[in-house]
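In case you want the letters, here they are:
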Amino acid sequence: MPNIDRREFLKLVGAGGVSVGAGFMLRESTKHPREYLIPHVVAPEDISSGLSTWYNSVCSMCPAGCGISVRTREGRAKKIEGNLSHPVSQGRLCALGQAGLQALYNPDRLTAPMRRNGEGTFEEITWEQGLKQVGDRLDLLRAAGRGNRVALLTTGVRGHLAQLFESFMRQLGSPRLLHYDYDHPHTLYAANQQFFGEDRLPYYDLQNTRLLLSFGADYLSNWISPVHHSLGFGESRQGPADVRGRFVQIEPRMSISGAAADEWIPARPGTEGILALGLAHHIIAEGNYSGADRDAWMAALADYTADAVAEQTGVPATTITRLADSFVDTAPSLAIGGGSAGNHSNGVDTLVAVNALNYLVGNIGQEGGLVFNPEPAGPALQQHQASYSTMLELAEAAHHGEIDVLIINGTNPVFTLPPTAEFESALAQIPLVVSLSSFLDETTALADVILPSHTYLESWGDDFPEPGVGFSVGAVSQPVVSPLYNTRGTGDIILDLARRMGSSSVMPWQSMEEFLKYGWQRIYQRGDSQTLAQGFDAFWTSVLKAGAWGETKSGNTAFSLNPDVIAGIGVAPPEFSGSEDDYPFILHPYLSPNFHDGRGANLPWMQELPDPMTSIMYGSWVEMNPLTAQQMELSEGDLVDIQSPHGQLRVPVFIYPAIMPNVIAIPIGQGHGEYGRYAKDRGVNPIQILSPQLEPVTGSLASSATRVNVSATGKRVKLVKTGGTSRDLGRNIIQTTGGSGVEVSSVSSNSIPITEVTS
Amino acid sequence: MSLFSRFLDGWRKYRKPGYYEKFDYHWTMTVDLDKCTGCEACMMACQAENNIPVVGEDEVARGRELQWIRVERYWEGEYPNARLRFMPMMCQHCDAAPCETVCPVSATYHNQDGLNTQIYNRCIGTRSCAVYCPYEVRYFNYYDHGWDSPLEQQLNPDVTVRGKGVMEKCTFCIQRIRQAKDLAKDDDRRRVQDGEMQPACVQTCPTKALVFGDRNDPESQVSLSMDDPRSYRVLDELNTDSSVFYLKKVDA
Amino acid sequence: MNVSIVPALKVLRPAAMLVIVVLVGLVLGYWANATFVPGDSPEQPIAFSHKIHAGDNEIPCLYCHTQARRSPSAGVPAVSKCVGCHLEVATEKPQIRLLMGYWENREPIPWIKVHDVPDFVHFTHKRHVLANIECQTCHGPVETMDRIRVTSRAVDGSAQAGQPWKMGLCLSCHRENEVENGTDCWTCHK
């Protein structure tokens, strides 16, 4: 190798060096990345690597109280399923319940206690600091006899946590214990109290009914106990019985239950009760009711002839008489009412009228009808449920400086109360607002101290489903994973605060678990001799294992109607806020099947789950009748301004074939200003424009009684949805048959597609 | 084997990919449209069980959602007689699947249990199978979709997390089938019993509209359900010989 | 016309030399890494010797890897399991002192994984153990190793040290033993 100069040589050496390095790294990069095998220090009893462990617990994503089984692997929750031995869910679960995993593993969870500092931002503090600040204040107030200046506002909890809240507030001497949920059916409770004298809801036996008339109750998606109702629906439809159950839905906008029904009848909003009385009138007039109080009924219902009712409701008289006749002829039958029908100015009267229908055909206490529940075995208090008026009173008290401390647990009134309640400014008047939420929701964002709770999958609790399933049921909610963050159970926080204000003699329990065991002693005592012989610990373990406890004790079977009720029967026409001229449309806000009252909006799974009826994801929309839209020259995606007497929203149009022409519908659930990255600044919240129209008996918000005006903006957006062509177009994909197995027709192909995706 | 019978055998296999004289198990699902309420609990169960990522608003807007099972909706009639009908649609596990013949790398094939299966690490992402599928139930990963920490702690360790460029679809929860078989083997090598194993969607369906089982067992719930006079298969005219039977909705 | 390539070669010679040097360098570097830093037998936080435990003292594999007969994963023993014996046995040895250090601090030992299959592979120890497959069939002569090394198996059944498992290993064994559905992709893929 002649004549390599120094320069060349150095080049070669350099290149050689670099390439040796490159070769070295090339080999290195093909190696398996280093992984670790981290053993336990002491092997826990219930974790075997590679094997799943199942824990039974209770779902807290909505108030239904379904039993759940959670699959865990290596100490992490993997999947939530229904608990087979729990009578409410029977091994099944809805979408929101299954998405509870994303509440547990949500990246936007609050991870430690926080306090608002001088600049108005939150800074992290220790639990001792946070609990001391709150506990000292409570102790001071209690010692000064001013405990009544403390208010506790919680979501509608049941079980021993509710009892704990009660004793806590009793120790403070404060009557301001409020359970607040936007969707609590106040009018249903009041109507049942009026008609049956029961302060519990009855069990609606969908499974055995052969004809169901639902007045506005979306029983398959959001009303009371959707999973249990779905089970009943399936059984009634194609169960072991020879006769297929028939379902009729009466509501201004087709809900999931309306789509599932055999017949969907749009009645003018707020006239559902009048329609029910029209049916009742026809039943009696046709001589199909022969009770001793027949004449009293006839007198009370004299005005509700089919023709008069048809005039008021917009439902043809022939439909009314046909429904009434089949309601009598089909046994057992059942009428239920709720949802939007109960959220009008005449809500209680409407639901009383629905009860009257059940009474007249003898559905009460019958299998396949309406069965009374027994007294729950544990605390399932409903008397603290706060109506809209009660919340107004709280806000007013705060404005008058009568509240010193407000403790908020799991409820988000800033989001679920219309701004007319002025709750936000009320919070500003309260010197110490404490939030126990797991997430930074709109209300928590305004708190002074945040003591973040565990999610339900990390904490102890129990539940006595309300309404029950016709017999006594209870279930214990146990932690399925160890806490992820520096959070604590709600019950443990309350017990700690109680200790700090010197109530440990009355509330001596060190933890929620201990209190639960104490409380369940009473239920254990109800057991038979065999259970008692085994001792409490065995009983407790068996309840935890099964995830449910029950006894075959049913409620009242005898029922006699108070004659005064009959005379009081009658449904006044609904009142709406805003004049028909200025506000030609009636706003129908409905609970989103995905987000419930908005609590599900921070779960990415729920955001990307298409809305069942429209297939829209991620946003809000307003549903409009095709004809109305045509008249207003609106098409899908056109942005419109919705104006009520109390506010305005801008939202895209979705053409909805099954909504009354003078009604527009917006789902509740989106439109969060806080609540984490997935929920924030997405869509609109129709609660924000509701008028403060009240149902006078209960003082609850008549949330379906707001009139609005719709104006085009000329702007458009593309709705994010998965549905393609919304019609079958003769492809015969969904086939139908006329009766049990007898082919009559397939889907007609003459429909014109109204909405099509432009791609 | 004579040359001719070998040819015939080959021809049959060509005509009917995944050709087996008889499947070991013949996993089949029935969907009762009269019971389905469109609640989408099945979709959520599938998403949780099978590590299906959330693709985000922008991707959905471009039609790139991932839904192994979806609920289709068809409107019929006009107000006030408008009706909405729902139909859960998932991979039909066709015994003569168009997608299987077209895959250039045999990443999708028919196995001895009558399942149309997809091997993720074999897939090279030509997307031909999605084009050939008449049910549009194959979904493609256009990106590596992540999970915002700590959401990944929920991931099911029995199911692969698919990467970018890979086609994926309903497997009838094959990981659950495998586990059921494993347990059955423990018990003296017996067969998997009816109802012992259910895919996540069937397991959670609140109205029990979905039924799953082995068609080879004439006593199984799914065999009985298949024989219902309302039973039909979607797009049966394409001779896909699918393993999902729908029970007609009753118009009463 | 007479064309010579000699001038061209003269110009190209430095470039050619560069190419040769780079190639040799690459190979050298690759080889050096493979030979001196094989990474198939990483140094563990505690120099645990399978030779002493499984070889000299003939402790059965399943005594520590208890999960193997009932779970897909064989399981790494909890620290308490080690301490169970070593409270009494060989307490003064430096490595045991290390172990007791972890135990007293209630810290897990961060063992480095040696044998691994890709995430898309479904492998269950349970089925193989219950079928009376020797652990050594796949893991190699563990009882002779002071430090565990990646070991595979050749077609003739002999152990191949330093070789990771390949799909062929599973398939050949499944074929040989006529495993039920042993060659169906979804038996091992997930």
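Note that the coordinates shown come from a computational prediction; the quantities given were computed from them, not determined experimentally.

Asker: Help me out: how do you make sense of the overall build of chain C in this one?
Answerer: Secondary structure summary: chain C contains nine helices and three strands in total. For chain C, the α and β elements follow one another from N to C terminus as α-α-α-α-α-β-α-α-β-β-α-α. Computed over its C-alpha atoms, the radius of gyration of chain C comes to 24 Å, more than 25% above the 16 Å expected for a compact globule of 190 residues. Across its three principal directions, the C-alpha atoms of chain C cover 90 × 50 × 30 Å. With 190 residues in all, chain C has 29% of them scored as buried. Considering only intrachain contacts with a sequence separation of at least 6, the fraction spanning at least 24 residues in chain C is 54%. Per element, the accessible surface of chain C, about 11800 Å² overall, is 62% carbon and sulfur.

Asker: Help me understand the sheet that holds strand E9 (residues 231-232) of chain B in this model?
Answerer: Sheet strands associate in pairs through backbone hydrogen bonding, adopting either a parallel or an antiparallel arrangement. Residue and element names in this part refer to chain B. Read from one edge to the other, the open sheet built from four strands follows the order E8-E1-E10-E9, with strand pairing classed as mixed. Every interior strand has two partners, whereas the edge strands, strand E8 (210-214) and E9, have only one. Bridge count for strand E1 (residues 27-32) against E8 is five bridges, and the pairing is antiparallel. Among the inter-strand pairings, Thr-28 is bridged to a residue of E8, identified as Gly-213.

Asker: What's the story with the interface of chain A and chain C in this structure? I'm lost.
Answerer: As a measure of interface size, the accessible area lost when the parts come together is often cited. Counting from both sides, the interface comprises 31 residues of chain A and, opposite them, 39 residues of chain C. Buried area between chain A and chain C, both sides added, is near 3000 Å², and the carbon and sulfur share of it is 67%. Seen at the junction of chain A and chain C, the total is one salt bridge. Between Lys-113 of chain C and Glu-35 of chain A there is a salt bridge; the shortest N-O distance is 3.7 Å. Joining chain A to chain C, the criterion identifies 12 residue pairs in polar contact (both at pLDDT 80 or more). Listing elements by their share of the side of chain A that touches chain C, those giving two or more residues are helix H1 (6-29) and strand E1 (36-37) of chain A. Examining the composition of the side of chain A that touches chain C, we find that 12 residues originate from one element, H1 of chain A, more than from any other. In terms of residue class, the side of chain A that touches chain C is made up of 17 nonpolar, eight polar and six charged. Sheet topology note: the E1 of chain A/strand E1 (residues 111-112) of chain C ladder contains two bridges and is antiparallel. Among the inter-strand pairings, Leu-37 of chain A is bridged to a residue of E1 of chain C, identified as Trp-111 of chain C.

Asker: Which parts of the structure should I look at to understand the interface of chain B and chain A?
Answerer: Taken together, the 68 residues of chain B in the interface contact 85 residues of chain A. Carbon and sulfur atoms supply 55% of the area that chain B and chain A bury against each other, a total of about 6800 Å² over both sides. Among the residues chain B hides against chain A, the three largest losses belong to Met-44, Trp-75 and Tyr-79 of chain B. Together they make up 12% of the total. Put simply, Arg-244 of chain A and Asp-34 of chain B hold a salt bridge, and the shortest N to O gap is 2.5 Å. Viewed at the interface, chain A and chain B are joined by 38 residue pairs in polar contact (both at pLDDT 80 or more). Of all the secondary-structure elements, those providing two or more residues to the side of chain B that touches chain A are helix H2 (41-49), helix H3 (57-61), strand E2 (69-76), strand E3 (83-90), helix H7 (200-204) and strand E11 (249-250) of chain B. Looking at the side of chain B that touches chain A, the element that brings in the most residues is H2 of chain B, giving seven residues. Considering only residue class, the side of chain B that touches chain A consists of 34 nonpolar, 13 polar and 21 charged.

Asker: Looking at this structure, I do not really get the sheet that holds strand E18 (residues 461-463) of chain A. What am I missing?
Answerer: All names here are of chain A. Strands sit in the order E18-E19-E20 across an open sheet of three strands; the sheet is antiparallel. Both edges of this open sheet fall to E18 and strand E20 (549-554), since each of them pairs with a single strand only. Neighbouring strand axes in the sheet, compared pairwise and without regard to direction, differ in orientation by 15° on average. Most of the contacts of helix H18 (residues 512-525) go to strand E19 (residues 471-477), to which it runs at about 160°, and overall it touches E18, E19 and E20.

Asker: Hey, could you run me through the environment of Trp-54 of chain A in this one?
Answerer: Residue and element names in this part refer to chain A. By the secondary structure assignment, Trp-54 is in strand E2 (residues 52-58). Accessibility expressed as a relative area gives 44% for Trp-54, which makes it partly exposed. The residues touching Trp-54, leaving out its near neighbours within four places in the chain, are Ser-69, Val-70, Arg-71 and Glu-81.

Asker: Would you explain a nonpolar patch on the surface in this entry?
Answerer: There is a patch of nonpolar side chains on the surface, built from Ile-4, Phe-9, Leu-10 and Val-13 of chain A and spanning about 350 Å² of accessible area. Relative to the assigned elements, Leu-10 of chain A resides in helix H1.

Asker: I'm lost on the environment of Asp-329 of chain A in this one. Help?
Answerer: Tracing the chain through its elements places Asp-329 of chain A in helix H12 (residues 317-329). For Asp-329 of chain A, a relative accessible area of 64% corresponds to the exposed category.

Asker: What's the story with the pattern of salt bridges in this structure? I'm lost.
Answerer: Close approach of charged atoms allows side chains with opposite charge to pair. As enumerated under the stated definition, the model contains 62 salt bridges over all chains in all. Between Arg-64 of chain B and Glu-59 of chain B there is a salt bridge, and its shortest N-O distance comes to 3.4 Å. Looking at Arg-64 of chain B, the relative accessible area reads 18%, which means it is buried. The exposure class of Glu-59 of chain B is buried, given its relative accessible area of 9%. One salt bridge in this structure joins Arg-230 of chain B and Asp-228 of chain B, with 3.6 Å as the shortest N-O distance. If you follow the salt bridges from partner to partner, you end up with Glu-128, Arg-488, Asp-496, Arg-499 and Arg-500 of chain A in one network.

Asker: When you look at empty space enclosed by the protein in this model, what are you seeing that I'm missing?
Answerer: In this approach a probe as big as a water molecule rolls over the atoms, and the regions it shows empty are the leftover space. Residues and elements named next belong to chain A. Scanning the entire structure with this criterion turns up 15 cavities of 30 Å³ or more. Within this model, the second largest cavity holds a volume of roughly 260 Å³. Around the second largest cavity, the lining comprises 27 residues; the ones closest to its centre are Cys-94, Ala-95, Ser-221, Pro-226 and Pro-593. Those elements that place two or more of their residues in the lining of the second largest cavity are helix H2 (95-98) and helix H7 (226-238). Classifying every residue of the lining of the second largest cavity by side-chain character gives 19 nonpolar, seven polar and one charged.

Asker: What is the right way to look at the packing of helix H9 (residues 272-285) of chain A against H12 of chain A in this model?
Answerer: The geometry of a pair of packed helices is captured by two quantities: the angle between their axes and the separation between those axes. Residue and element names in this part refer to chain A. Where H9 contacts H12, the axes come no closer than 9 Å and their chain directions differ by 65°. Where H9 crosses over H12, the two elements pack in a sense that is right-handed. Facing Leu-275, Gly-278, Leu-279, His-282 and Ile-283 of H9, the residues of H12 in contact are Ile-320, Thr-321, Leu-323, Ala-324, Asp-325, Phe-327 and Val-328. Its residues placed into classes, the contact of H9 with H12 shows eight nonpolar, three polar and one charged.

Thresholds, definitions, all that
Residues numbered from 1 in each chain as written. Chains lettered and ligands numbered in written order. Predicted model: local features only at pLDDT ≥ 70, side-chain atom pairs only at ≥ 80, totals over all residues. Heavy atoms only, no water. Helix = DSSP H or I, 4+ residues; strand = E, 2+ residues; numbered from the N terminus. Rg over C-alpha atoms; globule rule 2.2 N^0.38 Å. Buried < 20%, exposed > 50% of the residue type's maximum accessible area, 1.4 Å probe, protein only. Contact = heavy atoms within 4.5 Å. Areas by Shrake-Rupley, 256 points an atom, 1.4 Å probe, with all protein chains shown as cover. Pairing = 2+ DSSP bridges. Buried area = accessible area lost by both parts, 1.4 Å probe. Salt bridge = Lys/Arg side-chain N within 4 Å of Asp/Glu carboxyl O. Polar contact = N/O pair within 3.5 Å; in protein donor to acceptor, adjacent residues only side chain to side chain. Nonpolar A, V, L, I, M, F, W, Y, C, P; charged D, E, K, R; others polar. Axes fitted to C-alpha atoms, helices over the stretch in contact; angles between N-to-C directions. Patch = residues over 30% accessible without salt bridge, like charges linked within 9 Å, V, L, I, M, F, W, Y side chains within 5 Å. 1 Å grid on protein atoms, 1.4 Å probe; cavity = no way out; pocket = protein on both sides within 12 Å on 5 of 7 lines; lining within 4 Å. Points joined across faces, edges and corners; volume = space filled by probe spheres on them. Left-handed = near helix turned anticlockwise from the far one by under 90°.

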